[in-house]
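Spelled out, the chains give:
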Amino acid sequence: MSVPSFILQSARHYRKAHLGLLFGAFLASAILSGSLVVGDSVRASLRRVAAARLGQVQAGMIGGDRWFTDELAGRAAPQLGSDARLASLILLPGSASAPASQARVNGIQLVGVDDAFWSLSLTGKTIPLEDNEIAINRHLARKLRAKVGDSIVVRVERPGAISRDAPMSGSSETDVAVRRRVAAIVPDEDFGVFQLHAQQTPPDNAFVSRSSLQNDLEKPDRSNVLLASSTGDALTSEAFVQALDQHATLADYALVLKKIDGGLKEWEISTDRVFLDPVSANHALASQPGAYPVLTYLVNAIATDQSVTPYSMITAVDRMGAADGIAISQWLADDHKLNLGDELTLRFFVMSAGRKLDLKGASFRVQRIIPMDDPDMRADWTPEFPGVSDADNCRDWEPGIPVDLNAIRDKDETYWDDYKGTPKGFIALDAGRDLWRNRFGDSTAVRFEDDGRSESDVAASILAGLGLRNVGFQFRNLAEEAGAAARGSVDFGGLFIGLSMFLIAAALVFAALLFLFTLERRAAQMGLLLATGWSPKMVRRSLLAEAGVIAVAGSALGILGGILYTWLALAGLSGVWSGATQGLDLGYTAHPATLLISFIAAAGIAILTLAWAGRKMCRTPAPDLLAGSITPSSKASGKSMRALLVAVIALLAALGLGYSARSLSDPQALAGAFFGAGSLLLVSGLAFLKWTMRERTGGGSTLNSLSQIGTRNVRRHPGRSLSAAGMMAGGIFLVAAVN
């Protein structure tokens, strides 16, 4: 009989004795493969969520409270290649309610879209929407208990020209109610879960026609998000930025260029956001020879001992002859009977933290009185203040600050009718900036000489080198971000292996112990083989090969168990443990390479464990084996101090790791420190237990009690005793760690 045939026959003959070994290998393989396949499944689920979330979108420009023209996409697309597709949309947070079910959902996304948006989804399926229709995703439909044909109301904050935290940001009536009939429930793969930021919880999305939403928001031909996709190589991040910068107009920067025919022939660059952002202002000042800044502010009152003039414009500029005081209009001088050298006080609101209005004041002496027919007494010093500039009379103002309508006099109404926003006073630029500078800017306009250039040439000189990114637009490589989010998330495969490591070790120790028990019962067979001429090495190899066949079979069966383990783990993560995945919809995914690696690793580790456990099994002489004794009893050795040294070192390392973990903030690092310290304590305890068993042999002492008999039996086979203790300690530690 050949050696391989002998091994297979022996494995079949002792099949019942090998059931424990088979079960141990099965457990180790099932736990290992299941943990790795869980990692595959979670990563695949994250990639699937990212694909559904962004569809075919690769890059995006996000404006937030900045809006660009709808024509920008059409102008920039040809530069990105014939296969480039761009879609402008409106993205706003809001709330939704369903009158029929009386349900309300906060924190939804209202998305204003057109056909170009739908073409970027995974399926490219278009969902047509009329002006009175809305489409919602299945998550929002479930929360609202809404179906096709129902009416829902979405409320969003009306976007202003500038943040609501800015001074004079316009009306405080900011809500816009959008009532629509549900036309469709959007599946996830059709952009139902569209969102720009990676998160595991699905968004609550509502989609309406972009043009109808622009009308509701009073933002004609404006959008705040631009998405791009391409099947070619032209759409790189840098190419996307360059194309948009090259084709952006002043309107895309919210800038307005106009001629000023006042005392000087000038150009003025201003903004519909009231305050020029510092980047645009500094760029205009640097790019235009002789440019100077202007700052105009709405003050609550101009007060003197004689009278109070309410709600007036004051301009800070250096060329109006008020270097150390204030130049006032003839109208204001007449209203207060002011002369040169008289003092007046400006009272005004400034915005502090939390959008709190603080009333401030500043006093100036009159340095100049300007006639009303002076060419510089013009309303174009004043920018387009939301809620003010377009009002027919003062009592219709909604500047975003409290207005005392009773303080407005008939003469103030007459001034507004005749002169609109013409300033009633001029102060030095530095003085105005000290009073009214805010985080949105310290200029409302920049003026420079009209040197005969055309409007297009002037605009081109301002746009050169400005850059949309520099003024607050965010450019993002959305596809790359989505991939990084999926790869950089919690490694559930590693997490489950970490949690299951003690179980794998326990299964292998369990298999090794049963293997040794089997060898003890086969001591006579081993002695007979040695007596018939087999060398100890041949006997050892044949027994290990026989155990290896069982370990390989158990590992193969364990792969099937690992698949079942994965299904159960995913069911738990989608159910009772859903908090760990924040509601992520998990699906089963197993790569053949993962299963093969799991099988090879489990079988290899099992065989190595058995080889280490049986390393001394053929050192006993053949006569002793034939008599039924496989190994001599363990006795004390000179190596006892080595075990004690290991115990001390492991204990100190555990304490040091636990102490250093106090400064850690990363959850994964903390978890690693916890399991590392626990493992070191386990090693320390087992090493100390081994030292106690080796130190106190007492072989010749009389056994007078059951406890002494038990202690002697524990010390007789210290390896088995330590294995049993390690399995129990590992199980208890795992239960404590999970709890």
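Everything below is about the structure shown above.
Residues numbered from 1 in each chain as written. Predicted model: local features only at pLDDT ≥ 70, side-chain atom pairs only at ≥ 80, totals over all residues. Heavy atoms only, no water.

Brief notes about the overall build of the chain
Item 1. The secondary structure content of the chain amounts to 23 helices and 20 strands.
Item 2. Across the 739 residues that make up the chain, the buried fraction comes to 48%.
Item 3. Here the contacts in the chain between residues at least 6 apart in sequence split such that 78% fall between residues at least 24 apart.
Item 4. When the accessible surface of the chain is totalled, it reaches about 34,300 Å², and 57% of it is carbon and sulfur. (Helix = DSSP H or I, 4+ residues; strand = E, 2+ residues; numbered from the N terminus. Buried < 20%, exposed > 50% of the residue type's maximum accessible area, 1.4 Å probe, protein only. Contact = heavy atoms within 4.5 Å. Areas by Shrake-Rupley, 256 points an atom, 1.4 Å probe, with all protein chains shown as cover.)

Structural notes on the environment of Asp410
Item 1. Assignment of secondary structure puts Asp410 in helix α10 (residues 410–419).
Item 2. Taking the C-alpha atoms as reference points, Asp410 and Cys394, separated by 16 residues in sequence, lie 9.8 Å from one another.

Brief notes about the nonpolar core
Item 1. Among the nonpolar cores identified, the biggest contains 39 residues, and Met61, Leu86, Phe240, Leu244, Leu257, Ile269 and Leu468 are the most heavily contacted of them.
Item 2. When residues in this core are grouped by element, the largest group, five residues, is from helix α7 (residues 237–247).
Item 3. When sequence neighbours within four positions are dropped, the list of residues in contact with Leu257 reads Leu250, Trp267, Glu268, Ile269, Phe448, Glu455, Val458, Ala459 and Ile462.
Item 4. By size, the runner-up hydrophobic cluster in this structure holds 36 residues, among which are Phe275, Ile302, Ile314 and Ala333. (Core = buried A, V, L, I, M, F, W, Y, C linked by side-chain atoms within 4.5 Å.)

Points about a negative patch on the surface
Item 1. A cluster of like negative charges, contributed by Asp392, Asp396, Glu398, Asp417 and Asp418, occupies part of the molecular surface.
Item 2. You can see Asp392 is positioned in the loop between β17 (356–370) and α10.
Item 3. When its relative accessible area of 60% is taken as the criterion, Asp392 is described as exposed. (Patch = residues over 30% accessible without salt bridge, like charges linked within 9 Å, V, L, I, M, F, W, Y side chains within 5 Å. Salt bridge = Lys/Arg side-chain N within 4 Å of Asp/Glu carboxyl O. Lys, Arg positive; Asp, Glu negative; His and termini not counted. Charge placed at Lys NZ, Arg CZ, Asp CG, Glu CD.)

Some remarks on the packing of aromatic side chains
Pairs of aromatic rings are described using the distance from one ring centre to the other and the angle between the two planes.
Item 1. A complete count under the given rule lists 17 aromatic pairs for this structure.
Item 2. Consider the rings of Phe117 and Phe191, whose centres lie 4.6 Å apart with planes at 25°: the pair is stacked. Separated by 74 residues along the polypeptide, Phe117 in helix α4 (residues 115–118) and Phe191 in the loop between β7 (175–186) and β8 (205–209) bring together distant segments of the chain. Across this residue pair, the class does not change: Phe117 and Phe191 are buried. (Phe/Tyr/Trp six-rings, centres within 6.5 Å; stacked < 30°, edge-to-face > 60°.)

Regarding the side chain of Asp376
Item 1. Turning to its location among the elements, Asp376 is positioned in the loop between β17 and α10.
Item 2. If we skip the residues at most four places from it in the chain, Asp376 touches Gly262, Gly263, Leu264, Arg319, Met320, Trp381 and Phe426.

Some thoughts on helix α18 (residues 592–613)
Item 1. Look at α18: 31 Å from first C-alpha to last across 22 residues, which is about the 32 Å you get at 1.5 Å a residue.
Item 2. Looking at α18, one finds that the buried residues are Thr594, Ser598, Ala602, Ala603, Ala606, Leu610 and Ala613. In an axial view of α18, the angular spread of the buried residues amounts to 155°, which keeps them on one side of the axis. For α18, the exposed residues lying more than 90 degrees away from the buried face are Pro592, Ile597, Ile600, Leu608 and Trp612. (Expected span 1.5 Å × (residues − 1). Arc of directions from axis to C-beta.)

Some thoughts on the pairing of strand β13 (residues 292–303)
Item 1. In terms of burial, β13 is a largely internal element, twelve of the twelve residues being buried.
Item 2. Direction of pairing for β13 relative to strand β19 (residues 445–449): antiparallel, over a ladder of three bridges. Looking across to β19, one finds that Pro293 is bridged to Val446.
Item 3. Between β13 and strand β14 (residues 308–316), which pair antiparallel one after the other, the connecting turn spans four residues.
Item 4. Inspection of the sheet shows β13 paired to strand β16 (residues 343–352) by three bridges, in the antiparallel sense. Each bridged residue has a counterpart across the sheet, and for Ala303 the counterpart in β16 is Thr345. (Pairing = 2+ DSSP bridges.)

Notes on helix α8 (residues 278–287)
Item 1. Taken residue by residue, α8 has Ser280, Ala281, His283 and Ala284 as its buried positions. Along the axis of α8, the buried positions cluster into a sector of 165°, meaning they face one direction only.
Item 2. In the core, the buried residues of α8 are packed alongside β11 (255–261), β12 (265–271), β19 and α12 (455–463).

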